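Understanding the architecture of this molecule
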Amino acid sequence: MINEKMKKLSPSMDEWLKEAKTDPAALQEGMFLVHNGVVRQTPKAKVRQGIDDGSLVTGMEFAYDAAKVDWAIAETYKMEGIFYVRVWLNEGQLELGDDIMYVLIGGDIRPHVIDALQFLVEKIKSECVSEIEQK
């Protein structure tokens, strides 16, 4: 059950990048991009759809399906020019400012890396996680 999960300690992007650059595929990579999703005070409905009911987010319950995340990562590796993918997802009761996710993508050129980052973050958010805003 989600309430039994404790939020996690966020990873170090410096460490992630050091590890990525020692990966056997690193010599093929010309770019890395990092996405860091954070719990914000503005409700998703206001940001995405312009619906303002006057409420503010005070926290979030967050959970994910690890098998679906693994599938999304595997699909990202199939994209042209992508050689490195790493994902970290938090879980449990999160507070404003807490990290929700980190995604690191390494690839050959900017357009491929940007496309892969957008693809993977969208897959995770739309198919792999449960985010319940608390107001």
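Preceding this paragraph is the structure being described.
Since the structure is predicted, the reported quantities are computational estimates derived from the model, not experimental observations. (Residues numbered from 1 in each chain as written. Predicted model: local features only at pLDDT ≥ 70, side-chain atom pairs only at ≥ 80, totals over all residues. Heavy atoms only, no water.)

**Things to note about the overall build of the protein chain**
If you tally the helices and strands in the protein chain, you get 4 helices and 6 strands. Considered along the principal axes of its C-alpha atoms, the protein chain spans approximately 50 × 30 × 25 Å. When burial is assessed residue by residue, the protein chain has 39% of its 135 residues classed as buried. For the protein chain, contacts bridging at least 24 residues in sequence account for 76% of all contacts bridging at least 6. (Helix = DSSP H or I, 4+ residues; strand = E, 2+ residues; numbered from the N terminus. Buried < 20%, exposed > 50% of the residue type's maximum accessible area, 1.4 Å probe, protein only. Contact = heavy atoms within 4.5 Å.)

**Section: the layout of surface pockets**
The probe, sized like a water molecule, is rolled over the atoms to show the empty space still left. Taken as a whole, the largest pocket holds about 240 Å³ of empty space. When residues of the lining of the largest pocket are traced back to their parent elements, those giving at least two are β1 (31–38), α2 (44–49), β5 (99–107) and β6 (129–134). It is β1 that provides the largest number of residues to the lining of the largest pocket, a total of 3 residues. Residues that form the lining of the largest pocket fall into these classes: 6 nonpolar, 3 polar and 6 charged. (1 Å grid on protein atoms, 1.4 Å probe; cavity = no way out; pocket = protein on both sides within 12 Å on 5 of 7 lines; lining within 4 Å. Points joined across faces, edges and corners; volume = space filled by probe spheres on them. Nonpolar A, V, L, I, M, F, W, Y, C, P; charged D, E, K, R; others polar.)

**Considerations on helix α4 (residues 110–128)**
The terminal C-alpha atoms of α4 lie 26 Å apart, and with 19 residues this matches the ideal 27 Å at 1.5 Å per residue to within 8%. Regarding α4, the residues found buried are His112, Val113, Ala116, Leu117, Leu120, Val121, Lys123, Ile124 and Cys128. Along the axis of α4, the buried positions cluster into a sector of 155 degrees, meaning they face one direction only. Of the residues in α4, the exposed ones pointing more than 90 degrees away from the buried face are Arg110 and Gln118. Looking at the buried side of α4, the elements it contacts are β1, β2 (59–64), α3 (66–77), β3 (82–89), β5 and β6. (Expected span 1.5 Å × (residues − 1). Arc of directions from axis to C-beta.)

**Some points on the sheet that holds strand β4 (residues 92–95)**
Across the sheet, which stays open at both edges, the 3 strands sit in the order β4-β2-β6 with antiparallel pairing between neighbours. Edge positions in the sheet fall to β4 and β6, since each has one partner strand and no second. On average, each strand axis in the sheet is tilted by 25 degrees relative to the strand beside it, whichever way the strands run. Strands in contact with α4 are β2 and β6; relative to β6, the strand with the most contacts, it is inclined by about 75 degrees. (Pairing = 2+ DSSP bridges. Axes fitted to C-alpha atoms, helices over the stretch in contact; angles between N-to-C directions.)

**Digging into the nonpolar core**
Phe62, Leu89, Ile100, Val103, Ile105, Leu120 and Ile124 are the most contacted members of the largest nonpolar core, which totals 23 residues. Contributing elements (two or more residues each) for this core: β2, α3, β3, β5 and α4. Beyond its immediate chain neighbours, meaning those up to four positions away, Val103 contacts Trp16, Leu33, Val34, His35, Arg86, Val87, Leu117, Leu120, Val121 and Ile124. The next biggest cluster of nonpolar side chains, apart from the first, holds 7 residues, and it includes Trp16, Ala20, Tyr102 and Leu104. (Core = buried A, V, L, I, M, F, W, Y, C linked by side-chain atoms within 4.5 Å.)

**What about the side chain of Glu131?**
Checked against the element boundaries, Glu131 lands in strand β6. Looking at Glu131, its side chain comes within polar contact range of the side chain of Lys44, at 2.9 Å. A polar contact is formed between the side chain of Glu131 and the side chain of Lys125, at a distance of 3.0 Å. Each residue touching Glu131, except ones within four places of it in the same chain, is listed here: Lys44, Met60, Glu61, Phe62, Ile100 and Lys125. (Polar contact = N/O pair within 3.5 Å; in protein donor to acceptor, adjacent residues only side chain to side chain.)

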